[in-house]
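Here is what each chain is made of, one letter per residue.
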Amino acid sequence: MIVWLGGALLLAIGLLLISIWRRGLRSHGCAKYPKSLPSLPVIGSLLHLGNHLPPHILFSNLQKKYGSLYSFMMGSHYVVVVNNHEDAREVLLKKGKTFAGRPRTVTTDILTRDAKDIAFADYSPTWKFHRKMVHSALCMFGEGTPAIEQIISREAASLCQTLNTLQADPFNMAPELTRAVTNVVCSLCFNTRYSRGDEEFESMLNYSQGIVDTVAKDSLVDIFPWLQIFPNKDLDLLRKSVIIRDQLLQKKLKEHEANFCSETINDLLDALLKAKLSMENNNSNISHDVGLTEDHILMTVGDIFGAGVETTSTVLKWALVYLLHYPEVQKKIQEEMDVKVGFGRHPMLSDRKILHYLEATIAEVLRIRPVSPLLIPHVAMKDTSIGEYIIPKEARVVINLWSLHHDDKEWVHPEDFNPERFLDENGQRVYSPSQSYLPFGAGIRVCLGEALAKMEIFLFLSWILQRFILEVPDGDPLPDLEGKFGVVLQVKPFKVTAKLRDVWKNIDIAT
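The structure displayed is predicted, hence computed values, not measured ones.

J.: What exactly am I supposed to notice about the nonpolar core here?
T.: Where a protein is soluble and globular, its nonpolar side chains tend to be buried together. Judged by nonpolar contacts, the single largest core of 70 residues is most densely connected at Ile-152, Met-173, Ile-333, Phe-460, Leu-461 and Leu-470. Where this core is concerned, the elements lending two or more residues are helix H8 (146-166), helix H9 (174-189), helix H14 (294-325), helix H15 (327-340), helix H16 (356-368), helix H18 (450-467), strand E8 (468-471) and strand E9 (497-500). Take this core: its biggest share by element is 11 residues, from H18. One finds Phe-190, Ile-211, Val-221 and Leu-253 within the second-largest nonpolar core, a separate group that totals 63 residues.

Put into structure tokens, the structure is as follows:
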């Protein structure tokens, strides 16, 4: 017994000395690693990350002690946090392929059938092929084409009709925004749309919320996968939500297969089916090792569908929140539209060139409340570096977009909502006032739907604000500005009244 205790003590001392020696290597000599939070065996730095603050705020605050680039152990995983734009641009742009990997986690594997999607899949020939396919399909409806503008404008008109019906009555606008965005993405993916109150759409809202609440939040089961053997309410909710989602996707796939004609490509699902058919017939240049199984098709469409809806609708909700907090901004947007668009037509995408204040307001919303305050983690695919620091292969790299967008070295009073920061002295739109502005990420992992999202946000907001004044219902508090952290920074529920502007009460424009 004494011998055993002595051996254990020597082992513990040895491990401690090794730990101290490795820590010394990381800060001295040839191998210079980012400064690290304290770490313990098995659990890593979790005790130093346990905090009531949401991760993006906590990571931002830790800069004061550890600098803008630091590391910690998440269980057995080495994680590097980037809080400044110089290092972020090195990761995303200069060394984009080196840091193009993605971590595998329990929740994302459940969501994506073991990483057969685009957002969470590792960098590989399969990933490149699927991303290229989706990009090509989206280009069919690309920016500047009448097709995409007609689709978005149709949904904007439907949304305004709903607001007109409900005007002056307090209501939760979030489901209506989500339905409008959903219908745009449905048109691109499936060539269909949902009417108000549709049961399938209501089911979609429920499963989407279940996914947003449970995926990619670094829950304990993602850190320690063996915890799956124990009951877990979040995993149960995620699995249930994914089953409902997959039933819907499977239904859409079967409908498309039954009506498929390779000569007529109407949407993204048709484009993927055509690529699959070409591969099976061996009459294309598509390599057989890229993986175009039914799982890949379903997960790729599901990825675009899910991400395209949740991110854009979240930005629109945040825009409404800030317009309610800052009615003077809303008024300035409407004054600009009255002068530059007038009352004889609806706003169009071409108006983005002249509605500078609206564009600046959208940019400021994306800055102050980035839809993904922590970008999906990247993984180093080989030993590399960030700045002067060594980054080992398989290190997870987290870009804290919140820190970039709230850096007081880059932004004057970053906590203030101020669209003017995106305008020059002549009131013209300034597109890059700071290199810290990266609302959609950058590089080879940049958000695939960036162009579509910008079009939707502009057209939906311009159509709404042209006609309606948005106000907080009498007796209600102003909406919460903190949000709820998840795979996106969610807006907490709030109600709004949409009142038809006096100038529009006797105007009717054909849609």
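From this point, the narrative continues.
J.: What's the story with the environment of Asp-109 in this structure? I'm lost.
T.: By the secondary structure assignment, Asp-109 is in helix H6 (residues 106-112). Between the alpha carbons of Asp-109 and Ala-121 there is a distance of 9.2 Å; along the sequence they are 12 residues apart. The residues contacting Asp-109, other than those within four sequence positions of it, are Arg-104, Asp-114 and Ala-115.

J.: Help me understand the sheet that holds strand E4 (residues 378-379) in this model?
T.: Neighbouring strands of a sheet are bound in pairs by backbone hydrogen bonds; such pairs are parallel or else antiparallel. Spatial ordering of the open sheet is given by E1-E2-E3-E7-E4, a layout of 5 strands whose pairing is mixed. If you trace the sheet from one side to the other, it starts and ends with strand E1 (35-36) and E4, each paired once. Looking at chain direction, E4 and strand E7 (residues 396-399) are connected through 2 bridges and run antiparallel. Within E7, the position partnered with Val-379 by the bridge is Arg-396. Sitting on the sheet, helix H5 (residues 85-94) touches strand E2 (69-74), strand E3 (77-82), E4 and E7, and the angle it makes with E7 is about 125°.

J.: I'm lost on H5 in this one. Help?
T.: Helical geometry note: an α-helix holds 3.6 residues per turn, so side chains three or four residues apart project in the same direction. By the burial criterion, the buried members of H5 are His-85, Asp-87, Ala-88, Glu-90, Val-91 and Leu-92. Those residues of H5 hidden inside the fold are in contact with E2, E3, E4, strand E5 (384-386), E7 and helix H17 (401-405). Measuring from the side-chain oxygen of the N-cap residue of H5 to the backbone nitrogen of Glu-86 gives 3.2 Å; that N-cap residue is Asn-84.

J.: I keep staring at H15 and nothing clicks. Help me out?
T.: If you check H15, its first and last C-alpha atoms are 20 Å apart, about what 14 residues at 1.5 Å a residue would give, namely 20 Å. Among the residues of H15, Val-329, Gln-330, Ile-333, Gln-334, Glu-336 and Met-337 are the ones counted as buried. The arc that holds every buried residue of H15, seen down its axis, measures 160°, which confines them to one face. Those residues of H15 that are exposed and angled more than 90 degrees off the buried face are Lys-331 and Val-339. In this structure, the buried residues of H15 make contact with H14, H16, H18 and E8. Looking one or two residues beyond H15, the residue adopting positive phi is Gly-342, at roughly 85°.

J.: Please clarify how the pattern of salt bridges should be interpreted in this entry.
T.: Oppositely charged side chains may form a pair once their charged atoms are brought near each other. Scanning all chains against the criterion turns up 26 salt bridges. In this structure, Lys-254 engages Glu-294 in a salt bridge whose closest nitrogen and oxygen atoms are separated by 3.9 Å. With a gap of 40 residues between them, Lys-254 in helix H12 (residues 233-259) and Glu-294 in helix H14 connect regions that are remote in the sequence. With a relative accessible area of 44%, Lys-254 lands in the partly exposed category. A single salt-bridge network, built from bridges that share partners, covers Arg-113, Arg-245, Asp-246 and Asp-295.

J.: Quick question: what am I supposed to make of the pairing of E3 here?
T.: Along any regular strand, the residues point their side chains to alternate faces of the sheet. The buried count for E3 comes to 5 of 6 residues, which makes it a mostly enclosed element. Joining the antiparallel neighbours E2 and E3 is a turn of 2 residues, in which Gly-75 adopts a positive phi near 65°. Where E3 lies against E7, 4 bridges are found, and the strand directions are parallel. Bridge assignment links Val-79 to a residue of E7, and that residue is Arg-396.

J.: Before we go on, may I ask you to explain the side chain of Ser-60 in this structure?
T.: Turning to its location among the elements, Ser-60 is positioned in helix H3 (residues 55-61). Sequence-distant contacts of Ser-60, that is, excluding residues within four places in its chain, are made with Tyr-70, Asn-83, Asn-400, Trp-402 and Ser-403.

J.: Which parts of the structure should I look at to understand the pairing of E8?
T.: Residue alternation in E8 divides its side chains into a buried set, Phe-468 and Leu-470, and an unburied set, Ile-469 and Glu-471. Summarising the sheet, E8 and E9 pair through 4 bridges and their orientation is antiparallel. Bridge pairing in E9 places Glu-471 opposite Thr-497.

J.: How should I be thinking about the packing of H12 against H14 in this particular structure?
T.: For any two helices packed against each other, one specifies the crossing angle of their axes together with the interaxial distance. Interaxial distance between H12 and H14 falls to 10 Å at its minimum, and their mutual angle equals 110°. Classified by the interaxial angle, the pair formed by H12 and H14 is roughly perpendicular. Here H12 and H14 pass one another in a crossing that is right-handed. The residues of H14 that touch H12, namely those facing Arg-245, Asp-246, Leu-249, Gln-250, Leu-253 and Lys-254, are Glu-294, Ile-297, Leu-298, Met-299, Val-301 and Gly-302.

J.: Teacher, can you tell me more about a nonpolar patch on the surface here?
T.: A surface patch of nonpolar side chains, about 390 Å² in accessible area, is lined by Trp-226, Ile-229 and Phe-230. Looking at the element boundaries, Phe-230 is found in the loop between helix H11 (220-223) and H12.

J.: Just to check I follow, could you spell out the packing of aromatic side chains for this structure?
T.: Two aromatic rings, taken as a pair, are described by how far apart their centres are and by the angle between their planes. A complete count under the given rule lists 13 aromatic pairs for this structure. Ring pairing ties together the aromatic residues Trp-318, Tyr-322, Tyr-326 and Phe-417, which thus form one cluster. The positively charged end of Arg-367 is found above the aromatic ring belonging to Trp-411, 5.4 Å away from the centroid. The positively charged end of Arg-369 is found above the aromatic ring belonging to Trp-318, 5.8 Å away from the centroid.

Here is what the cut-offs are and how they apply
Residues numbered from 1 in each chain as written. Predicted model: local features only at pLDDT ≥ 70, side-chain atom pairs only at ≥ 80, totals over all residues. Heavy atoms only, no water. Core = buried A, V, L, I, M, F, W, Y, C linked by side-chain atoms within 4.5 Å. Buried < 20%, exposed > 50% of the residue type's maximum accessible area, 1.4 Å probe, protein only. Helix = DSSP H or I, 4+ residues; strand = E, 2+ residues; numbered from the N terminus. Contact = heavy atoms within 4.5 Å. Pairing = 2+ DSSP bridges. Axes fitted to C-alpha atoms, helices over the stretch in contact; angles between N-to-C directions. Polar contact = N/O pair within 3.5 Å; in protein donor to acceptor, adjacent residues only side chain to side chain. Expected span 1.5 Å × (residues − 1). Arc of directions from axis to C-beta. Salt bridge = Lys/Arg side-chain N within 4 Å of Asp/Glu carboxyl O. Parallel < 35°, antiparallel > 145°, perpendicular 65-115°, else oblique. Left-handed = near helix turned anticlockwise from the far one by under 90°. Patch = residues over 30% accessible without salt bridge, like charges linked within 9 Å, V, L, I, M, F, W, Y side chains within 5 Å. Areas by Shrake-Rupley, 256 points an atom, 1.4 Å probe, with all protein chains shown as cover. Phe/Tyr/Trp six-rings, centres within 6.5 Å; stacked < 30°, edge-to-face > 60°. Lys NZ or Arg CZ within 6 Å of the ring centre and 35° of its normal.

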